[in-house]
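Observations on the three-dimensional arrangement
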Amino acid sequence: NLKDTTGAPVRALRQQLEAFHGHPDPKAVNFLWPHLNSDDRWIRYAARIALEAQPVAEWKQRALDEKQTNAGITALLALARVGGKDAQDDCLKALAKFPLAKITETQQLEKLRVIEVSFARHGKPSPEVAKLATEKLDAAYPSKSERVNRELCQLLVFLEAPGVVAKTFAL
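Read on for a plain summary of the structure.

Conventions used here
- Residues numbered from 1 in each chain as written.
- Predicted model: local features only at pLDDT ≥ 70, side-chain atom pairs only at ≥ 80, totals over all residues.
- Heavy atoms only, no water.
- Helix = DSSP H or I, 4+ residues; strand = E, 2+ residues; numbered from the N terminus.
- Contact = heavy atoms within 4.5 Å.
- Lys, Arg positive; Asp, Glu negative; His and termini not counted.
- Charge placed at Lys NZ, Arg CZ, Asp CG, Glu CD.
- Core = buried A, V, L, I, M, F, W, Y, C linked by side-chain atoms within 4.5 Å.
- Buried < 20%, exposed > 50% of the residue type's maximum accessible area, 1.4 Å probe, protein only.

**Describing the overall build of the protein chain**
- Within the protein chain, the regular secondary structure consists of 10 helices and zero strands.
- In the protein chain, the succession of α and β elements from N to C terminus is α-α-α-α-α-α-α-α-α-α.
- A principal-axis box enclosing the C-alpha atoms of the protein chain has dimensions of 55 × 40 × 25 Å.
- A sequence separation of at least 24 residues applies to 66% of the contacts in the protein chain between residues at least 6 apart.
- Within the protein chain, one finds 25 positive and 21 negative side-chain charges whose respective centroids are separated by 2 Å.

**Considering the nonpolar core**
- Leu32, Trp33, Leu51, Leu76 and Leu137 are the most contacted members of the largest nonpolar core, which totals 51 residues.
- The element contributing the most residues to this core is helix H5 (residues 69–82), with eight residues.
- Once you skip the residues sitting within four places of it in the chain, leucine 51 turns out to touch Val29, Leu32, Trp33, Leu36, Trp59, Ala75 and Ala78.

**Points about unusual backbone geometry**
- Across the junction of tyrosine 141 and proline 142, the peptide omega takes the value 5 degrees, indicating a cis bond.
- Looking at where proline 142 falls in the secondary structure, it is placed in the loop between helix H8 (127–139) and helix H9 (146–158).
- Of note in this structure, glutamate 160 is not a glycine but carries a positive phi near 55 degrees.
- Mapped onto the elements, glutamate 160 comes out in the loop between H9 and helix H10 (164–170).

Shape is all these values report; function is a separate question.
Now the structure itself:
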């Protein structure tokens, strides 16, 4: 049926967000910010890509201060991607607001992705933040989730966490 309108409002919203992709716009950050917390991952994705096209100085502090889980993790992923090495420690510290034990498995995987992107783009963080990350991640490993364990293992190996090999063999 070519007249099927199921999903039309969500498609229209995604298209509004996509209109901000690739170029700065002074109206973008305020428009897209609420959508960073959407339950729809595709809406969050479109909002994040639009955010990344805006000057980081306009939204960095807002990302660091965000308290809603989906919005916070999504905004911090944007910061990890485009914020540069100077923003790395602040970005990783801000993730502490979302303890792994208190968020869903999907949110855990998204949080771990922020850390992975940060490490892949900017290398190891400062020794202080690396120590803190190692402690927090090691305390969560092993997890009940095989998918979370896979990501935790990779991060702990990258951080050269003591005991990660023994824990992994035990799994």
